[in-house]
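Next come the chains, spelled out residue by residue.
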Amino acid sequence: MTKLFIARVRGTSGDRPLVTVRAAAEGEARLFLEAAYPDDEVVEVAEPGDWVSTSDTGSNAGDVREHPGVAWQAPTTGLG
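Just so you know, these numbers come straight off a predicted model, no measurement behind them.

Let us now look at the overall build of the protein chain. Across its full length, the protein chain holds one helix and five strands. In sequence order, the secondary structure elements of the protein chain are arranged as β-β-β-α-β-β. Relative to the compact-globule value of 12 Å for 80 residues, the protein chain shows a C-alpha radius of gyration of 12 Å, a close match. The principal-axis extents of the C-alpha atoms in the protein chain amount to approximately 35 × 25 × 20 Å. The buried share among the 80 residues of the protein chain stands at 31%. Look at the contacts in the protein chain between residues 6 or more apart in sequence, and 63% of them connect residues 24 or more apart. Carbon and sulfur atoms form 48% of the exposed surface of the protein chain, whose accessible area is close to 4,900 Å². Taken together, the 7 basic and 13 acidic charged side chains of the protein chain have centroids lying 1 Å from each other.

So this is what it looks like as structure tokens:
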């Protein structure tokens, strides 16, 4: 079963929009992102916390999606 991860990816012209990826674990998510963006830096990968998407985030392992108009924010756990 896959989990949703959010990622901050930086290209030569700056940060990309928020990127989501489906994977079994964070390490696998990072591998999918590095394959999808071989010339970019994967700055951070995290579980999304309270973030909810109204866009398609995929359903299969390796589904990588960019979300234009959505910027990276550190995830929140809802514990505060």
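Let's pick the thread back up.
The next thing to look at is the side chain of D40. Tracing the chain through its elements places D40 in the loop between α1 (26-36) and β4 (41-46). In terms of polar contacts, D40 uses its side chain to reach the side chain of R16, at 2.6 Å. Each residue touching D40, except ones within four places of it in the same chain, is listed here: V9, R10, G11, T12 and R16.

Across soluble globular proteins, nonpolar side chains have a tendency to be buried as a group. Within the largest apolar cluster, eleven residues are counted, these being F5, A7, V9, V19, V21, A23, A29, L33, Y37, V42 and V45. Sorting the residues of this core by element identifies β1 (3-11), β3 (18-23), α1 and β4 as the ones contributing at least two each. Those residues in contact with V21 that sit more than four places away from it in its chain are K3, L4, F5, A29, F32, L33, D63 and V64.

Residue placement: G14 occurs in strand β2 (residues 14-15). Owing to a relative accessible area of 23%, G14 belongs among the partly exposed residues under this scheme. Spatially, the C-alpha atoms of G14 and P68 are 14 Å apart, while their sequence positions differ by 54 residues.

Across all of its chains, the model carries seven salt bridges by this definition. In this structure, R8 engages D15 in a salt bridge whose closest nitrogen and oxygen atoms are separated by 3.1 Å. For D40, the salt bridge goes to R16, with nearest N and O atoms at 2.6 Å. Of the two residues, D40 is situated in the loop between α1 and β4 and R16 in the loop between β2 and β3; the sequence distance between them amounts to 24 residues. What you see here is one network of salt bridges that share partners, running through R8, R10, D15 and E41.

This part covers the environment of V45. For V45, the position within the fold is in strand β4. Separated by 22 residues in the primary sequence, V45 and A23 have C-alpha atoms spaced 11 Å apart. Not counting residues within four places of it along the chain, the set of residues in contact with V45 comprises F5, I6, A7, E26, A29, R30 and L33.

Conventions and cut-offs
- Residues numbered from 1 in each chain as written.
- Predicted model: local features only at pLDDT ≥ 70, side-chain atom pairs only at ≥ 80, totals over all residues.
- Heavy atoms only, no water.
- Helix = DSSP H or I, 4+ residues; strand = E, 2+ residues; numbered from the N terminus.
- Rg over C-alpha atoms; globule rule 2.2 N^0.38 Å.
- Buried < 20%, exposed > 50% of the residue type's maximum accessible area, 1.4 Å probe, protein only.
- Contact = heavy atoms within 4.5 Å.
- Areas by Shrake-Rupley, 256 points an atom, 1.4 Å probe, with all protein chains shown as cover.
- Lys, Arg positive; Asp, Glu negative; His and termini not counted.
- Charge placed at Lys NZ, Arg CZ, Asp CG, Glu CD.
- Polar contact = N/O pair within 3.5 Å; in protein donor to acceptor, adjacent residues only side chain to side chain.
- Core = buried A, V, L, I, M, F, W, Y, C linked by side-chain atoms within 4.5 Å.
- Salt bridge = Lys/Arg side-chain N within 4 Å of Asp/Glu carboxyl O.

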